[in-house]
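Chain by chain, the residues:
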Amino acid sequence: HPYWYARVIKVFHINVECHENNSVLYSCPMQIKFIFVWWFRQDGSRAGWAAKCLHRLKFFDSEDGTGDAYGFLDPDNVIHGVHLILGFAY
């Protein structure tokens, strides 16, 4: 599957100043934007056109020991507005 899915928890905008050496006391601040997300993963069931079934997703578990349940993203690398259909029967 070519895409990763995540739930956006918080969007951050921070102002950063970069001092290249100690002689410059002030530099022009630049705004950096990033997103804090909770990752989904595929549940491993058969899916796709051949299986005639949509892909099923679930959240990464923070207790599974991988440490990959949460992450940060650049907003420019995100496709916005994906609609996920809830499957309550699973």
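Details of the structure are given in the entry above.
Residues numbered from 1 in each chain as written. Predicted model: local features only at pLDDT ≥ 70, side-chain atom pairs only at ≥ 80, totals over all residues. Heavy atoms only, no water.

(A) Quick look at the pattern of salt bridges. For the structure on display, the rule yields one salt bridge. The salt bridge involving Arg-56 is made with Asp-43; its shortest N-O contact spans 2.9 Å. You can see Arg-56 sitting in the loop between β2 (30-42) and β3 (57-59) and its partner Asp-43 sitting in the loop between β2 and β3, a full 13 residues away along the chain. Note on Arg-56: relative accessible area 25%, which makes it partly exposed. The exposure class of Asp-43 is partly exposed, given its relative accessible area of 28%. (Salt bridge = Lys/Arg side-chain N within 4 Å of Asp/Glu carboxyl O. Helix = DSSP H or I, 4+ residues; strand = E, 2+ residues; numbered from the N terminus. Buried < 20%, exposed > 50% of the residue type's maximum accessible area, 1.4 Å probe, protein only.)

(B) Molecular detail of the nonpolar core. Formed by Ile-35, Val-37, Trp-39, Phe-60 and Ala-69, the largest nonpolar core amounts to five residues. Setting aside chain neighbours within four positions, we find Phe-60 in contact with Trp-4, Trp-38, Trp-39, Phe-40, Arg-41, Asp-68 and Ala-69. (Core = buried A, V, L, I, M, F, W, Y, C linked by side-chain atoms within 4.5 Å. Contact = heavy atoms within 4.5 Å.)

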